[in-house]
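# Descriptive structure summary
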Amino acid sequence: MSQQLTQQARQQIAVSGIGGQGVLFVTKLLAETAVHLGWSVLLSETHGMAQRGGNVISHLKVWDPRAAGSTAPTTSTAANGKPPVGFTSPLIRAGQADVLLALHPEALTTHGFYLNPKGTAIVNAPTANGPYTIDADRIAAEIGHAIAANLVLLGFAAGVGALFCTAEPLREILDALGGPRRDVNRQAFQAGLSRAGR
Amino acid sequence: MSKRREILLGNEAIARGLVETGCTMTTSYPGTPASEIVGTLAKWKRQGRIAMHVEWSINEKVAFEVALANSYAGRRSAVSMKQVGLNVASDPLMSAAYTGVAGGFLVVVADDPGPHSSQTEQDSRFSAMGALLPVLDPADPREARDWIRPAFELSERYQVPVLLRPTTRVCHARQDLEVADGAESESAAQFKKDPARWAATPKFRFLLHQQLNDKIRRIALDPSFQPTLTNAGALAEAGSERARGACVVASGVVHAHAVELMQELGLWETLPLFRVRQPYPLSPTFRDRLLADYDRVLVLEETYPVIEWQLQDRTRVQGRTTGLVPNAGELLPEVLEDLLRTFADLPAAVRPQPPTAPGRRPTLCAGCPHRAAFHAIKKVFRKGIYPGDIGCYTLGLNLGAVDTVLCMGASISQATGFYFAHRKAAEAAPPIAATIGDSTFYHAGIPALINAVVQGARFVLVVLDNGTTAMTGHQPTPAGGISLDGRPVPKVLIEDLVRACGVKHLAVGDPYRYREFTALLHAAKAHTQADDGGIAVVIARRPCLMDRAQTSDWQAVQVRVGPDCQGCGICTSQFECPALEDRGKDQPIRIDPGLCSGCGVCIEICPHHALEVQ
């Protein structure tokens, strides 16, 4: 896996927050975007009791199977005994995440250990907390949609170039998903993106 | 037939597998991490996309029996549940192993190593072994879907129920899969009478037991789910000095973790990794070959040593029984890395460590009606005993209003036990107030309530009725009055059931109307203490705020913090509403307008009357 794919063709993203902040939605958006780009995905979510205001985390692994010259689906058992292309485990190990999207300042304390020392933490916090901090709560409130702070953070992450993809395909998927909050989501995403100076 | 790629949740993949293989009935009771299997089928049913009979049954035992009869009638059937649900259904499970089945019958049981959202980490593969039934251990959503067809075929070939055992990391993983739209196949029901099987008496049961033993012997050798070698290259290298005589055996998602780790640790070419798909019954040829060829065998599986116990050689097999593999908790990739490093004699890993401080604990939502009910219970039943139950309202333990949580329905039976335990105490017996949710009451509360009544127990039971099965994602309850395919069906109401159980004192109230609700609790308490009194039931009725299917008649109240707030912290610690923010001693609290739902209950519970309507 790691031997076959370059760093540009794979990414491990941890999305952390508090139940109700939209961790699942951000993860879904990233995963759908990856598949739209022809990449493969494997991810793990938190459901159940922890969703009631506890710390929640999603593990997302994305990779481009074409980069290794294969479009074969991943199975945890490769038929020919060769290592499978891409990831097989739905979990990110401690110290392996390329990106940590922290939807809440506490997320850095709780789940910061997943971040690779060379990785990037994108943090929603009222005061600077590393090079990629943004007060997504305030920005979301300013545009009148406090609930959409998750998309402000995602827009910012795309804007600073931390993600496997640019802002454009993310915006396309956001549009395609539609739903009653589509316009709010777009606006919040754009607000975060513009804070990154893009 | 058009094909496309979709990202599917493991449970959605299982639902798809059932539809694609001609399953004509799926039943379930919701429970994390299994809920989205029938949740997905129910959605398709409501949309008119599938003909399959789909039901949220009243509990897992009933669900099992309903689906089993469909299998007796010759049609493919499935029942799904979480691991502790199988405990509820273990009576029919054990017996169905003996009777066998006609149409393919799958028991999908989701285990929860961790545990993340369960009261135990129990391994359903042991339940399969205890029942003498085959069990399959998929590693990802794709396998969970793709194995359903051969699993049905296995079930039909040997005429036995087959268990499919995904874990949380399969159920709640998502993966991009190729999906195709195919026609759902339908099969006619044809129940063939065979009393020697379907209604076997003990004499015939002995014969059925012998037949079952024979089936299990043959299934162990059946080619469909035999163990395989994952890294064929390692076998050629196995002659090299370092790796000689060692191998790893893994199943389920642990195998998926191991595939990544062994590459990263440079073990892929040197350490043979075997994959077990069917942990029970384990292939005897695989077992014999393994023990003949290897001096050291590391077994990696979740959560109990099911494969390990079938490898009957205590000198060469390492795992949970030898203390190498931890005997509790999820086999996370980090744990696995350390195990593989130890086993392969590699240096210890260096990696960031998770914080030792506990994270943020889950809590009832802002405006949750249960919070108001719990606060009132604590006030009325001071120094009481509070048996609790399974659901969102288990979180009443944060408020000090839940003392015990055992299993579904136990609040009522335990209240009965506590009553008799304390009845003859020298001091005055503590008051007892039990809480149970509406769905849990239907599931397992009714026999317990009848028992409490006829034993003459005295306590107050508060049924926290939010009109839905909230914790698991708002599945309907028998009070809904509508089937999944939109047919009107009779509503079964909690108050009717409570009366029919023989309870003489029943009140229904709205916990948002805090003072009136408190008065109902006082009256109920008085009934438990009266000369001609007995058990009393109060139904706390108010729809779940998160359930979009229910409408609320509540006019939201704008609450503001008045000048009398001294920052005493009672509302933030004793009432623990997430919308109330403690800003330290002597500082007035702050209300988070983004979280406050306007229930206004905090106005009632503030001892300083410092919270007021704006």
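What you see is a predicted model, and the numbers here were worked out from it, not measured in a lab.

Scoring rules and cut-offs
- Residues numbered from 1 in each chain as written.
- Chains lettered and ligands numbered in written order.
- Predicted model: local features only at pLDDT ≥ 70, side-chain atom pairs only at ≥ 80, totals over all residues.
- Heavy atoms only, no water.
- Phe/Tyr/Trp six-rings, centres within 6.5 Å; stacked < 30°, edge-to-face > 60°.
- Helix = DSSP H or I, 4+ residues; strand = E, 2+ residues; numbered from the N terminus.
- Buried < 20%, exposed > 50% of the residue type's maximum accessible area, 1.4 Å probe, protein only.
- Lys NZ or Arg CZ within 6 Å of the ring centre and 35° of its normal.
- Core = buried A, V, L, I, M, F, W, Y, C linked by side-chain atoms within 4.5 Å.
- Domains from an automatic or database assignment.
- Contact = heavy atoms within 4.5 Å.
- Axes fitted to C-alpha atoms, helices over the stretch in contact; angles between N-to-C directions.
- Parallel < 35°, antiparallel > 145°, perpendicular 65-115°, else oblique.
- Left-handed = near helix turned anticlockwise from the far one by under 90°.
- Nonpolar A, V, L, I, M, F, W, Y, C, P; charged D, E, K, R; others polar.
- Salt bridge = Lys/Arg side-chain N within 4 Å of Asp/Glu carboxyl O.
- Buried area = accessible area lost by both parts, 1.4 Å probe.
- Polar contact = N/O pair within 3.5 Å; in protein donor to acceptor, adjacent residues only side chain to side chain.

A ring pair, where both rings are aromatic, is described by two values, the distance of the centres and the angle of the planes. Under the definition given, this model contains 14 aromatic pairs over all chains. Ring centres 5.3 Å apart and planes at 35° place the aromatic pair A:Trp39 and A:Phe164 in the tilted group. Here A:Phe164 lies in the loop between helix H4 (149-159) and helix H5 (167-177) and A:Trp39 lies in the loop between helix H1 (23-36) and strand S2 (40-44), a separation of 125 residues in the sequence. For A:Phe164, a relative accessible area of 16% translates into the label buried. Ring pairs connect the aromatic residues B:Tyr72, B:Phe191 and B:Trp198, which therefore count as one cluster. Over the aromatic face of B:Phe343 sits the side chain of B:Arg296, whose NZ or CZ is 4.3 Å from the ring centroid. Across from the ring centre of B:Phe575, 5.8 Å away, lies the NZ or CZ of B:Arg371, which sits over that ring.

What tends to happen in soluble globular proteins is that the nonpolar side chains get buried as a cluster. Residue and element names in this part refer to chain B. Of all hydrophobic cores here, the largest spans 70 residues; its most connected members are Phe374, Ile412, Phe441, Leu449, Phe459, Leu461 and Leu521. Lining this core are residues from two domains, each supplying at least three of them: domain 3 (369-541) and domain 4 (559-613). In this view, phenylalanine 441 contacts Ile412, Ile436, Ile446, Leu449, Val463, Ile494, Leu497 and Val498; residues no more than four positions away in its chain are not counted. With 61 residues, the next largest nonpolar core counts Ile50, Met81, Val107 and Tyr280 among its residues.

Right, let's get into the domain arrangement of chain B. One frequently used descriptor of interface size is the decrease in accessible area upon assembly of the parts. Annotation of chain B at the domain level lists domain 1 (3-224), domain 2 (228-343), domain 3 (369-541) and domain 4 (559-613). Each of domain 2 of chain B and domain 4 of chain B has a C-alpha centre, and the two are 56 Å apart.

For the rest of this paragraph, the subject is the environment of B:Cys571. All names here are of chain B. Tracing the backbone shows cysteine 571 in helix H22 (residues 570-575). Classification of cysteine 571 as buried rests on a relative accessible area of 10%. With 32 residues separating them in the primary sequence, cysteine 571 and isoleucine 603 have C-alpha atoms 9.4 Å apart. Those residues in contact with cysteine 571 that lie beyond four places of it in its chain are Glu576, Cys577, Leu580, Ile589 and Ile605.

Before going further, it helps to spend a moment on the packing of helix H3 (residues 60-72) of chain B against helix H5 (residues 90-99) of chain B. Residue and element names in this part refer to chain B. It is the contact of H3 with H5, at a shortest axis distance of 10 Å, that shows an interaxial angle of 15°. Relative to H5, the element H3 lies roughly parallel. In this structure, the crossing between H3 and H5 has a hand that is left-handed. Two secondary-structure elements touch here, H3 through Lys61, Phe64, Glu65, Leu68 and Tyr72 and H5 through Pro92, Leu93, Ala96 and Thr99. Its residues assigned to classes, the contact of H3 with H5 shows 6 nonpolar, 1 polar and 2 charged.

On to the pattern of salt bridges. For the structure on display, the rule yields 47 salt bridges over all chains. We note a salt bridge from A:Arg171 to A:Glu168, for which the minimum N-O separation is 2.8 Å. One end of the pair, A:Arg171, and the other, A:Glu168, are both in helix H5, 3 residues apart, so they sit about a helical turn from each other. Residues joined in a network through salt bridges with shared partners are A:Arg93, B:Glu264, B:Glu337, B:Asp338, B:Arg341 and B:Arg351.

So, on to the interface of chain A and chain B. If you look at the interface, chain A gives 51 residues, while chain B gives 54 residues. Summing both sides of the interface, chain A and chain B together bury roughly 4300 Å²; the carbon and sulfur share of this comes to 55%. Between chain A and chain B we count 5 salt bridges in total. The residue B:Glu260 makes a salt bridge to A:Lys61 at a minimum N-O spacing of 3.0 Å. Counting across the chain A and chain B interface gives 16 residue pairs in polar contact (both at pLDDT 80 or more). For the side of chain A that touches chain B, the secondary structure elements donating two or more residues are H1, S2, strand S3 (55-63) and helix H2 (105-111) of chain A. By residue number, the principal contributor to the side of chain A that touches chain B is S2(A), which donates 5 residues.

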